[in-house]
Amino acid sequence: MTMIVLVILMICIELFLLHVIMKSPFSYPYFIHRFDVSGRRSPHIEDFVDTFLISGGFTKTTPAYVDIVPD
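Reading the values: rules and limits
Residues numbered from 1 in each chain as written. Predicted model: local features only at pLDDT ≥ 70, side-chain atom pairs only at ≥ 80, totals over all residues. Heavy atoms only, no water. Phe/Tyr/Trp six-rings, centres within 6.5 Å; stacked < 30°, edge-to-face > 60°. Helix = DSSP H or I, 4+ residues; strand = E, 2+ residues; numbered from the N terminus. Buried < 20%, exposed > 50% of the residue type's maximum accessible area, 1.4 Å probe, protein only.

## Here's the deal with the packing of aromatic side chains
Counted by the stated rule, this structure contains 2 aromatic pairs. Judged by centre distance (6.1 Å) and plane angle (40°), the ring pair of F35 and F48 falls under tilted. Highlighted residues: F35 in the loop between α1 (2-22) and α2 (45-68) and F48 in helix α2, separated in sequence by 13 residues. Classification of F35 as partly exposed rests on a relative accessible area of 28%. Their ring planes at 85° and their centres at 5.9 Å tell us that F35 and F52 sit as a pair that is edge-to-face. One end of the pair, F35, is in the loop between α1 and α2; the other, F52, is in helix α2, and 17 residues separate them in sequence. An aromatic cluster of at least three residues, connected via ring pairs, comprises F35, F48 and F52.

Written out as structure tokens, the structure reads:
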């Protein structure tokens, strides 16, 4: 009985170590903004994104870029 528990424990430790070694070192920033498309038959998301960025929304996305590309 103790041998089975020991084997299961060793397998769990090996799987954990494998996960630590194989995981990606990169963390991707996510930016979420909700666009109101209610009442539109076929909205073009490109127009909403362009309007958002032109109206000053670009400053909201800048912190994510700074995290990726340091000075």
